[in-house]
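# Structural overview
So the chains spell out like this:
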Amino acid sequence: MRDDVDVTLVNPRPAFVDRVRLHQFVAGTGETTVDYGTMLDDGVHLVVDTATRIDTTARAVRLASGRELGYDYLVYAVGSTAAAPPVPGAAEFAVPIAELESARRLRDELAALPPEAPVTVVGGGPTGIETAAELAERGRRVTLVCGGTLAPSLSAGGRRYIAKWLSRHGVAVAETVKVAEVRPDAVVFADGTTRPSALTIWSAGFAAPELAAASGLRTDDLGRLLTDETLTSVDDHRIVAAGDSAAPSGQSLRMSYQVAARCAGRRHPVEPHPRHRTAGARRGSGRVVRQPRQARRRAAVRPQGRHRAELPRRRPPRRGLQGADPQARFPAVGEGRTAGHRPSDRSSARNSDSYSFAGSVTCGPRCP
């Protein structure tokens, strides 16, 4: 860390909660907390408290304990939480899975149930699917209620794959029905049918903490801090947002590398290797298309349109190499080929630039 920078982290818990692993914690197949002492640099100060208000005029953060922390720049990364269920009985008899405290309650209640007890998961998004799948692999009788489309953010092929996996593992998927009421031992659907449920897990809905709105900062309808394309608050250039709590230009964006690259203005987005290209690049679906053998040999990941001219020109075939050192037929690393990748003897030197480009855009630890 730089010597002229002081970093303070405010968090209501002394440990980091990996929320995308809460379903594994509930099922008893994994842990979800990591002690901050093993994660933070020695120069980062951890304050275990809850922020209640941001005073942009005084540039200070007020905490629940009554303490105030001054700042020059503030990173607003308060995340998200579960929305209040609008269904009668859900608040009393359904348990959300969005927070560590409720996940602990679910884990305890699940451990007290016999293996054959019916469990209902409400929500057909990634959290609901992962929870249902994890419990099914532990031998639980699970019903997944989607209230619409299963995995609506995925392609048709992806949805079919998930539906087959769930069916193969014994998960009953109620895709189009909606929950009208939650009872202590059952769920009632909108069509009037009732399904027994010894434990109902609620994974539907999304909400952002009210810290930004309570501080007088502009937010969207879900309570996320409004920012520009650089994730800077539209009200204060000293506040930068990150994660679920940010709404860049009021848009609802998925958390993915593709969205981040597009927002960052990346000129050459990462594309799949030609052998694994999908029809989605041409028709919007996710079906995998296997190209003919000859096309796979000579294919290269090449941008289209105005970026095509920016690629290095392909070298003409080199003649008169018969009997020469085989290594001379291929350029050295850094001269048009990727380390560890040697084209076959059927590939000519004119394809070497293609291999270099495909290797140089693969997403690794250095990618943003």
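Each remark here, short or long, concerns the structure printed above.
Residues numbered from 1 in each chain as written. Predicted model: local features only at pLDDT ≥ 70, side-chain atom pairs only at ≥ 80, totals over all residues. Heavy atoms only, no water.

### Overview of the pattern of salt bridges
Short version of the rule: Whenever Lys or Arg places a side-chain nitrogen within 4 Å of a carboxyl oxygen from Asp or Glu, that contact is recorded as a salt bridge. By definition, any uninterrupted DSSP run of H or I lasting at least four residues is a helix, any uninterrupted run of E lasting at least two residues is a strand, and each is numbered from the N terminus. Three exposure classes are used, based on accessible area relative to the maximum for each residue type with a 1.4 Å probe and protein chains only: buried under 20%, partly exposed in between, and exposed over 50%.
Applying the stated rule across the entire model yields 12 salt bridges. The partner of R107 in a salt bridge is E31, with the nearest N and O atoms 3.9 Å apart. On the criterion of sequence distance, the pair formed by R107 in helix α3 (residues 100-111) and E31 in the loop between α1 (22-27) and β3 (33-35) is long-range, its members being 76 residues apart. Given a relative accessible area of 55%, E31 falls into the exposed group. D220 is paired through a salt bridge with R224; the nearest N and O atoms lie 2.7 Å apart. Linked through salt bridges whose partners overlap, the residues forming this network are R13, E99 and E101.

### Thoughts on the sheet that holds strand β6 (residues 60-63)
Neighbouring strands of a sheet are bound in pairs by backbone hydrogen bonds; such pairs are parallel or else antiparallel. Applied cut-off: Any two strands with at least two DSSP bridges between them are considered paired. Fitted lines through C-alpha atoms serve as axes, helices being fitted only where they are in contact, and the angles separating the N-to-C directions of these axes extend from 0 to 180 degrees.
Strand order in the open sheet formed by 3 strands is β5-β6-β7, and the pairing between neighbours is antiparallel. For this open sheet the edge positions go to β5 (51-55) and β7 (68-70), each flanked by a neighbour on one side alone. Pairwise comparison of adjacent strand axes, ignoring direction, gives a mean angle of 20° for this sheet. Strand direction decides the pairing type here: β5 and β6, joined by 4 bridges, are antiparallel. Looking at the pairing, R53 lines up with R62 of β6.

### Some points on the sheet that holds strand β10 (residues 118-122)
Rule in force here: The criterion used for residue contact is that any of the two residues' heavy atoms lie within 4.5 Å.
Spatially, β9-β16-β10-β11-β12 is the arrangement adopted by the 5 strands of the open sheet, whose pairing is parallel. Only two strands of the sheet have a single neighbouring strand rather than two, namely β9 (94-96) and β12 (172-174). Each strand of the sheet is rotated relative to its neighbour by a mean of 25°, with strand direction disregarded. Contacts from helix α4 (residues 126-137) reach β10, β11 (141-145) and β16 (199-202), with the element oriented near 165° to β11.

### Points about unusual backbone geometry
Positive phi, close to 50°, is recorded for A151, a residue that is not glycine. Among the structural elements, A151 can be located in the loop between β11 and α5 (156-168). The phi dihedral of L231 falls on the positive side, at around 65°, and the residue is not glycine. For L231, the position within the fold is in the loop between β17 (225-227) and β18 (239-241). When its relative accessible area of 30% is taken as the criterion, L231 is described as partly exposed.

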